[in-house]
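Chain by chain, the residues run as shown.
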Amino acid sequence: MNPEQVVVFGAESFSSLAWYCLTHDSPFQVVAFTVDRAYVRSPTHHSLPVIPFEELENHFPPGTVRLLIPLGYHSINGLRRQRYEAAQRKGYQFISYISSRASTWPDLQVGQNCLVYEGAIIQPFARVGNNVIIRSAAHISHHCVVADHAFVAAGVTLGGNVRVGEQSFIGVGAVLRDGLTIAERSFIGAGAVVVADTQPDGVYVGNPARRMGKSALEASGGR
Ligand SMILES: CC(C)(COP(=O)(O)OP(=O)(O)OC[C@H]1O[C@@H](n2cnc3c(N)ncnc32)[C@H](O)[C@@H]1OP(=O)(O)O)[C@@H](O)C(=O)NCCC(=O)NCCS
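Along each chain, residues carry numbers from 1 onward, in the same order as the chain's sequence is written. Local features in this predicted model are restricted to residues of pLDDT 70 or higher, and side-chain atom pairs are both shown and tallied only at a pLDDT of 80 or more, whereas totals for entire chains, interfaces and linings draw on every residue.

**Q** Any chance you could break down the nonpolar core for me, citing the residues and the numbers?
**A** Nonpolar side chains in soluble globular proteins tend to end up buried together. What we call a nonpolar core is a set of buried Ala, Val, Leu, Ile, Met, Phe, Trp, Tyr and Cys residues whose membership is set by joining through C-beta atoms within 7 Å. To sort residues by burial, count the other C-beta atoms lying within 10 Å of each one's C-beta; a count of 20 or more means buried, 12 or fewer means exposed, and anything in between means partly exposed. C-beta atoms are built from the backbone. In this structure, Val6, Val8, Val116, Ile134, Val146, Val152 and Ile188 are the most contacted members of the largest nonpolar core, which totals 68 residues. Every helix listed is a DSSP run of H or I at least four residues long, and every strand listed is a run of E at least two residues long, numbered separately from the N terminus. Ranked by residues supplied to this core, first place goes to strand 1 (residues 4-9) with four residues. Note that domain bounds follow an automatic or database assignment of domains. Shared between two domains, this core takes at least three residues from each, and those domains are domain 1 (4-90) and domain 2 (97-215). Sequence-distant contacts of Ile134, that is, excluding residues within four places in its chain, are made with Val116, Tyr117, Ala120, Val128, Ile140 and Val152. Two residues form a contact once the distance between their C-beta atoms, set from the backbone, is within 7 Å.

So, in structure tokens, the structure goes:
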């Protein structure tokens, strides 16, 4: 197969992880990295060029490559959302990476610019939107909906029919009772056991999960 060429956004650990997985576990060939000009620290990353995002189209025009933007949950996933939408405005299309070691079924519904890592389980009738990250060993039960720009950390368990709202972050090892609605931009802390619906922009920790004083934006490094 002729490998399809991809540019990865970022030049730090999370983009290194995506580069490694694409290189060893996909038909795609990473040809460059791109970051905002202010964050270019080195001309290369993993021996590939690092191109300022502002001038990416001069080096790799839309239509010649697709992008993957594996940014984390900074600013309650707002940073990844902004760069994804900026790349869309430039005319780029995106790939998604689904690990060969993830457990999925025919008719898998996963949008663009998604990463689904090893050991994740996505059951039949679950739906994953665009620009979503599902980390290792997360369990997405049947009929769950994970909306655009969300981030589901490693080892999370979503019971059946859970709806994870846009831009929400579900922390490592959290458990969400079946049928819940997690509001947009909710931040669920590591290890939380969520037994009731959440409010937008809230941070929830503990078992049973309770709302903390700070906002999801503050909890995720934004201002
Ligand atoms: C919720 C969270 C953002 C709070 O971080 P923080 O604002 O720095 O909070 P602090 O560490 O100052 O803790 C404040 C209080 O909340 C408690 N707390 C913090 N996180 C908690 C959690 N996940 N569960 C239960 N209690 C928690 C602390 O014990 C502390 O309690 P105290 O005031 O009684 O001492 C953070 O702990 C968290 O869970 N982040 C998610 C990490 C994650 O899942 N990463 C995945 C990477 S892929």
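Don't stop here, the text continues.
**Q** Describe the pairing of strand 4 (residues 48-52), naming the residues involved and giving the relevant values.
**A** It is a general feature of regular strands that their side chains alternate between the two faces of the sheet. Summarising the sheet, strand 2 (residues 28-35) and strand 4 pair through three bridges and their orientation is parallel. Considered in strand 4, the bridge of Thr34 is made with Ile51. Paired strands, in this sense, are two strands between which DSSP finds at least two bridges. Two strands pair when backbone bridges link them, and strand 3 (residues 44-45) and strand 4 are joined in this way by two bridges, in the antiparallel orientation. Directly across from His45, in strand 4, lies its bridge partner Leu48. Hairpin remark: strand 3 followed by strand 4, antiparallel, with two residues in the connecting loop; positive phi at His46, about 50 degrees.

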